[in-house]
Amino acid sequence: MSLIVQKFGGSSVANAEKLRNVAGIITDTYKAGNDVVVVVSAQGDTTDELIEKAKEVNPSPSKREMDVLLSVGEQISISLLAMTIENMGFPVISLTGWQVGLKTDSNYGNARISKFTNDRLRNEILKKNIVIVAGFQGINKYDDITTLGRGGSDTSAVALATALKADLCQIYTDVDGVYTSDPRKIPTAKKLDEITFDEMLELASLGAQVLHNRSVEMAKKHNIELEVLSSLERKPGTKVKEVVKMEKMLVRGVAVDKDIAKVAVIGLPDKPGIAFKMFSLLAQKKVNVDVILQSVGRENTKDISFTVNKDNLDLAVSVINDNLDVFGATKVVTKDKISKVSLVGAGMQSNPGIAAKMFEALADANINISMITTSEIKVSVIIDEAESDKAARVIHDAFFNI
Ligand code: ADP
Ligand code: ASP
Ligand code: MG
């Protein structure tokens, strides 16, 4: 007998028919003699719809109140799924994030799980109940509801799997596994049987929404084997784990992140300490900076450009504008119609020429690169947003459709 954590995403529980389908997977797992803990997301587009409702009454609501609102979506799903399973004659109970004691920090809207007090959950499992837990939500030290960031139910599932020392954590979604790129945008993308935690973490952090990046980070830390699989077809998915059979594949996937913006600070004095001053101020204000590029300007000046998440753009610009004199800069220029396209693969560290081949594919397609960044297992380029899907396609073709 095993303890299995199963997570179902929003599209997998979108309506009554989908709920019955998911209930079938869960009860089959239970009938096979396993303990089953289930994590669910809000139905369909519920979270987006709730965000729209908030905007109707307040263009910039407090993050605390947003979390009270957004957590509702998952509470609808857990109750409906529990009722569906109840109707099939199985013992079942639904629990919210706070009922299972999922504690987080107080970073409303993007909270991190800090600890987990799981007596209630354990007791329900001991009673042989199928336990349905609301994903995406937790509670902080003030007893306020928090949410874990968009896509965060994956992380709730891995957190429960870790705390319960589950034998398996299955992430059921609307595609049948992790592909070499988003299969909805690149029809020639290939399904991967296996991928390493490190590669999956890069892909998830660089825009492949199939898994929440923190879920992969946590699974790697606690060595929880994840499986990404379809809720609609019963067949094996993709295993995410520490070591995979290294086939000849040097690269594992292409990801696109359209959620970024560029800030260029123009006319900075060309002397030591300027970058330090600027980026420490941004860090103090909790602005996460990604790609940084410094270029030579005119008459002993330099320009520094960097990218941030779109949500952080206004804050970054106001921090810089408020301190233009301190830095000695002339002005700030921004651009938000940009994207980051990345190629990921553990095999690239020992194989020169991967970046060159990627740039060749972009050059042949006449796509201009504005910034480049690399690590041992990825190469990313910043380009115009309008060209990002095409860029992903040509890079994908160059590496995977030989
Ligand atoms: P869920 O609601 O189940 O959490 P998501 O929408 O968050 O589902 O994630 C699944 C989606 O991720 C897929 O529908 C697919 O379009 C997208 N996706 C992006 N990159 C990839 C990839 N490399 N492999 C598989 N799916 C991907
Ligand atoms: N419902 C939340 C969202 O849409 C969490 C999730 O789906 O994982 O982001
Ligand atoms: Mg998701």
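Not measured: the values here are computed from a predicted model. Just so you know, the residues in each chain are numbered from 1, in the order the chain's sequence is written. To label them, take the chains in the order written and letter them from A, then take the ligands in the order written and number them from 1. Selection of residues for local features in this predicted model requires a pLDDT of at least 70, selection of side-chain atom pairs for listing and counting requires 80 or more, and totals for whole chains, interfaces and linings are taken over all residues. Excluded from the side-chain calculation are hydrogens and water; included are all heavy atoms of the structure.

Caption draft 1: The overall build of the protein chain, seen in detail. Secondary structure assignment for the protein chain yields 12 helices and 18 strands. Here the C-alpha atoms of the protein chain give a radius of gyration of 23 Å, agreeing with the 21 Å that 2.2 N^0.38 yields for 402 residues. By its C-alpha atoms, the protein chain is 80 × 50 × 35 Å across when sized along the principal axes. Of the roughly 18900 Å² of accessible surface on the protein chain, a fraction of 49% belongs to carbon and sulfur atoms. The convention is simple: Lys and Arg are positive, Asp and Glu are negative, and His and the chain ends are not counted. For charged residues, the charge sits on one atom: NZ in Lys, CZ in Arg, CG in Asp, CD in Glu. Considering the protein chain, the positive charge centre built from 49 side chains and the negative charge centre built from 52 side chains are found 2 Å apart. Each helix is a run of DSSP H or I of at least 4 residues and each strand a run of E of at least 2, with the numbering of both proceeding from the N terminus. We compute the radius of gyration over the C-alpha atoms and compare it with the globule rule, which gives 2.2 Å times the number of residues raised to the power 0.38. The Shrake-Rupley method, run with a 1.4 Å probe sphere, supplies the accessible areas, and residue values consider only the shown protein chains as cover.

Caption draft 2: Main features of the site of ligand 1. Around ligand 1, 16 residues are found, and the nearest of them are T173, D174, Y179, D182 and R184. Polar contact is the term for a pair of N or O atoms within 3.5 Å; when the atoms are in protein, one must be able to donate a hydrogen and the other to accept it, and sequence-neighboring residues count only if both atoms are side-chain atoms. Within the contact set of ligand 1, an oxygen atom lies 3.1 Å away from a side-chain nitrogen or oxygen of K7. A distance of 3.2 Å is found between an oxygen atom of ligand 1 and a backbone nitrogen or oxygen belonging to G10. In isolation ligand 1 has 570 Å² of accessible area, and contact with the protein removes 88% of it. A cutoff of 4 Å decides nearness: a residue is near a molecule or strand if any of its heavy atoms lies inside that distance of it.

Caption draft 3: Examining the pairing of strand 11 (residues 226-230) more closely. Most of strand 11 sits inside the fold, with 5 of its 5 residues counted as buried. Any residue under 20% of the maximum accessible area for its type is buried, any over 50% is exposed, and the rest in between are partly exposed; the area is computed with a 1.4 Å probe on protein chains only. The side-chain alternation of strand 11 yields two buried faces, one formed by L226, V228 and S230 and the other by E227 and L229. Bridge analysis of strand 9 (residues 168-173) against strand 11 gives 5 bridges, and the strand direction is parallel. Paired with I171 across the bridge in strand 11 is V228. For two strands to count as paired, DSSP must find a minimum of two bridges between them. Bridge count for strand 11 against strand 12 (residues 238-241) is 3 bridges, and the pairing is antiparallel. Within strand 12, the position partnered with E227 by the bridge is K239.

Caption draft 4: Just helix 6 (residues 197-205), in detail. Within the span of helix 6, buried status applies to F197, E199, M200, E202, L203 and A204. Backbone geometry just after helix 6 places G207 at a positive phi near 120 degrees.

Caption draft 5: Highlighting the packing of aromatic side chains. In this scheme Phe, Tyr and Trp rings, the latter by its six-membered ring, pair at centre separations within 6.5 Å, and the angle between planes marks the pair as stacked below 30 degrees, edge-to-face above 60, and tilted otherwise. Applying the stated rule across the entire model yields 3 aromatic pairs. On the numbers, 4.7 Å between centres and 15 degrees between planes, the contact of F8 with Y172 is stacked. Residue F8 is found in strand 1 (residues 3-8), and its partner Y172 is found in strand 9; the two are separated by 164 residues along the sequence. Pair check on accessibility: F8 and Y172 agree, each one buried. Ring centres 5.4 Å apart and planes at 75 degrees place the aromatic pair F279 and F306 in the edge-to-face group. Of this pair, F279 sits in helix 8 (residues 274-284) while F306 sits in strand 15 (residues 301-309), and the two are 27 residues apart along the sequence.

Caption draft 6: Representation of the nonpolar core. Ranked by size, the top nonpolar core spans 42 residues in total, and within it V37, L121, C169 and M200 carry the most contacts. Per-element tally for this core: the top contributor is helix 5 (residues 153-163), with 5 residues. Sequence-distant contacts of L121, that is, excluding residues within four places in its chain, are made with V37, L95, V100, F116, V131, V133, L160 and L164. Side-chain atoms within 4.5 Å are what join buried Ala, Val, Leu, Ile, Met, Phe, Trp, Tyr and Cys residues into a set we call a nonpolar core. Contact criterion: two residues are considered in contact whenever any of their non-hydrogen atoms come within 4.5 Å of each other.

Caption draft 7: Looking closely at the sheet that holds strand 15. Spatial strand order, 14-15-13-16-18-17: 6 strands in an open sheet with antiparallel pairing. Of all the strands in the sheet, the pair left with one neighbour each is strand 14 (289-296) and strand 17 (371-375). Neighbour to neighbour, the strand axes of the sheet diverge by 30 degrees on average, direction disregarded. Taken together, the 5 bridges between strand 17 and strand 18 (residues 378-384) define a ladder with antiparallel strand orientation. The residue bridging T374 from the neighbouring strand is V379, located in strand 18. To get an axis, fit a line to the C-alpha atoms, keeping to the stretch in contact for a helix; angles then go from 0 to 180 degrees between the N-to-C directions. Sheet strands in contact with helix 8 are strand 13 (253-269), strand 14 and strand 15, and its direction is about 25 degrees off that of strand 15.

Caption draft 8: Structural context of the site of ligand 2. Around ligand 2 sit S41, A42, T47, E74, F136, R150, G151, G152 and S153, and that is every residue in its neighbourhood. A distance of 3.3 Å separates an oxygen atom of ligand 2 from a polar side-chain atom of S41. Taking S153, its main chain carries an N or O atom lying 3.0 Å from an oxygen atom of ligand 2. In isolation ligand 2 has 260 Å² of accessible area, and contact with the protein removes 86% of it.

Caption draft 9: Structural detail: the sheet that holds strand 11. The strand order across the open sheet built from 8 strands is 3-6-2-1-9-11-12-10, with neighbouring strands paired in mixed fashion. Looking at the sheet topology across the chains shown, the edges are occupied by strand 3 (92-95) and strand 10 (194-196). If you compare each strand with its neighbour and ignore which way they point, the axes differ by 20 degrees on average. Bridge analysis of strand 2 (residues 35-40) against strand 6 (residues 130-134) gives 4 bridges, and the strand direction is parallel. Residue pairing for strand 6: V40 is matched across the bridge by A134. Contacts from helix 3 (residues 63-87) reach strand 2, strand 3 and strand 6 within the one sheet, and its direction differs from that of strand 6 by about 165 degrees. Packed on one face of the sheet, helix 6 meets strand 10 and strand 12 and runs near 85 degrees to strand 10.

Caption draft 10: Expanded view of the side chain of D144. Here D144 shows up in the loop between strand 7 (137-139) and strand 8 (145-147). According to the relative accessible area criterion, D144 is buried, its value standing at 12%. Here Y108 takes part through its side chain, which lies 2.7 Å from a polar atom of the side chain of D144. In contact with D144, other than residues within four places in its own chain, are R64, Y108, G138 and I139.

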